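# An overview of the molecular structure
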Amino acid sequence: MRTTISQLRVLEAVARTGSFSGAARELGITQPSVSTQLRAVEGQCKLKLIARDGHKIRVTRFGDTVLPKVRALLTIMNEIEDLLEDERSLKTGALRLGYSTDQFAMPVISRYMGAYPGIKLETRCMASLDVVSHLKKGEFDAAFITAKEPPDGLTVERLRTDRIVLMVPADHPFAARGQIGWGELARCAIVCRETTSGTRIIFETAAKDSAVPLQPLIALGSWQSMRAGVLAGMGVGVALAGELDESDRIKPVEIDDPGLWASHYLACLPEMREATAVDRFFDVASGFRDDVMTDRKT
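Here is a short report on the structure shown in this document. (Residues numbered from 1 in each chain as written. Predicted model: local features only at pLDDT ≥ 70, side-chain atom pairs only at ≥ 80, totals over all residues. Heavy atoms only, no water.)

As a further point, take the packing of helix H2 (residues 20–27) against helix H3 (residues 31–45). Relative orientation of the contacting elements H2 and H3 amounts to 105 degrees, with a least axis distance of 8 Å. Between H2 and H3, the crossing angle belongs to the class labelled roughly perpendicular. Residues Phe20, Ser21, Ala23 and Ala24 of H2 form the contact with H3, whose own contacting residues are Gln31, Val34, Ser35 and Leu38. Classifying every residue of the contact of H2 with H3 gives 5 nonpolar, 3 polar and no charged. (Axes fitted to C-alpha atoms, helices over the stretch in contact; angles between N-to-C directions. Helix = DSSP H or I, 4+ residues; strand = E, 2+ residues; numbered from the N terminus. Parallel < 35°, antiparallel > 145°, perpendicular 65-115°, else oblique. Contact = heavy atoms within 4.5 Å. Nonpolar A, V, L, I, M, F, W, Y, C, P; charged D, E, K, R; others polar.)

Next up, the structure:
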């Protein structure tokens with residue numbers, strides 16, 4: 001058997017304190033345990049490291065040779081243990097996050113940063129299918145995803161569910177309407193996210209099921225650019241109700257279709273769920289969970 005770190009700690013403590021009882025008190029173990037571990041070290045090297053002269057002890061010549069290396073090793077080991085403890089307590093570390101909807105992700109990220117300021121966060125915004133692809137490759141530690149149902153192979157927590165609505169300028173004729181049908185929408189230019197957007201996928205599936213042909217969709221690469229396009233008069237936008245601010249110049253309009261809803265999930269690979277930084281992120285995110293679907297029609 002090879003010498004253990006615990007045995008080396010005993011050797012160093014006995015040599016430094018000059019007594020077995022002193023080493024035992026310092027290490028929080030019994031005096032017989034100190035004697036047993038020291039004998040084990042000496043038995044493995046077949047040499048005496050500590051000499052006993054009655055009630056006094058002294059370090060042998062070979063012990064004097066070994067001890068500087070032992071102390072250097074223990075110093076490095078203490079540094080490693082401190083780093084591991086800092087990682088476990090989230091005093092230091094890193095977390096890579098992907099998200100598809102900044103209105104939902106940013107409050108969670110902000111609270112996490114406040115709770116664990118030592119964690120370095122790296123975040124990227126992209127459409128949901130792209131987020132899932134990066135997550136499954138291990139390029140994100142956790143991610144926010146918009147979908148009707150969570151993707152297979154991931155550990156997920158549903159945070160909220162929202163209606164998929166149109167967003168129109170406040171002065172648009174639809175803004176005064178509570179709801180419109182697919183037939184009216186078929187005459188409109190429609191602005192939406194890229195083809196890998198979870199919201200767009202659900203919207204296009206519902207449109208296909210309605211059997212009403214829509215005009216070719218205008219795809220823009222971010223929610224902000226889609227909002228700008230709507231305000232510029234490019235068309236009506238497709239968004240989640242929770243993305244819209246009531247004080248905004250953009251107004252939500254419902255589509256008469258009970259299947260137009262999406263959930264927002266926090267997800268990670270199953271093997272990452274117990275990682276401390278990821279586990280604490282899930283804890284923070286759970287404080288933003290909405291168990292009641294807003295205006296969901298069944």
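Right, picking up where we left off after that structure.
Structurally, the α-helix is built with 3.6 residues per turn, so residues lying three or four positions apart point the same way. The first and last C-alpha atoms of helix H5 (residues 102–115) sit 19 Å apart over 14 residues, in line with the 20 Å expected at 1.5 Å per residue. Taken together, the buried positions of H5 are occupied by Asp102, Phe104, Ala105, Val108, Ile109 and Tyr112. Down the axis, H5 shows its buried residues gathered within 150 degrees of arc, on one side only. (Expected span 1.5 Å × (residues − 1). Buried < 20%, exposed > 50% of the residue type's maximum accessible area, 1.4 Å probe, protein only. Arc of directions from axis to C-beta.)

Once that is clear, we can look at empty space enclosed by the protein. According to the stated counting rule, one finds 1 cavity of 30 Å³ or more in the structure shown. Looking at the lining of the largest cavity, the elements with two or more residues in it are helix H8 (198–210) and helix H9 (223–231). Here the lining of the largest cavity gets 3 residues from one element, more than from any other, and that element is H8. Across the lining of the largest cavity, the residue classes break down as 5 nonpolar, 7 polar and 3 charged. (1 Å grid on protein atoms, 1.4 Å probe; cavity = no way out; pocket = protein on both sides within 12 Å on 5 of 7 lines; lining within 4 Å. Points joined across faces, edges and corners; volume = space filled by probe spheres on them.)

Together, Ile76, Ile80 and Leu84 line one region of the surface with nonpolar side chains, adding up to about 250 Å² of accessible area. Tracing the backbone through its elements, the reader meets leucine 84 in helix H4 (residues 61–88). (Patch = residues over 30% accessible without salt bridge, like charges linked within 9 Å, V, L, I, M, F, W, Y side chains within 5 Å. Areas by Shrake-Rupley, 256 points an atom, 1.4 Å probe, with all protein chains shown as cover. Salt bridge = Lys/Arg side-chain N within 4 Å of Asp/Glu carboxyl O.)

Before going further, it helps to spend a moment on the packing of aromatic side chains. Given two aromatic rings, one states the distance between the centres and the angle between the planes to describe the pair. This model, assessed by the stated rule, comprises 4 aromatic pairs. Taking 5.4 Å as the distance between ring centres and 45 degrees as the angle between the ring planes, the aromatic pair formed by tryptophan 182 and phenylalanine 203 counts as tilted. Placement of tryptophan 182 in helix H7 (residues 182–185) and of phenylalanine 203 in helix H8 is noted, with a sequence separation of 21 residues between them. For the residue pair tryptophan 182 and phenylalanine 203, the accessibility class agrees, reading buried in each case. Aromatic ring contacts, followed pair by pair, group Tyr112, Tyr116, Phe144 and Phe281 into a single cluster. Across the ring face of phenylalanine 282, the terminal group of arginine 273 is positioned such that the distance to the ring centre comes to 4.1 Å. (Phe/Tyr/Trp six-rings, centres within 6.5 Å; stacked < 30°, edge-to-face > 60°. Lys NZ or Arg CZ within 6 Å of the ring centre and 35° of its normal.)

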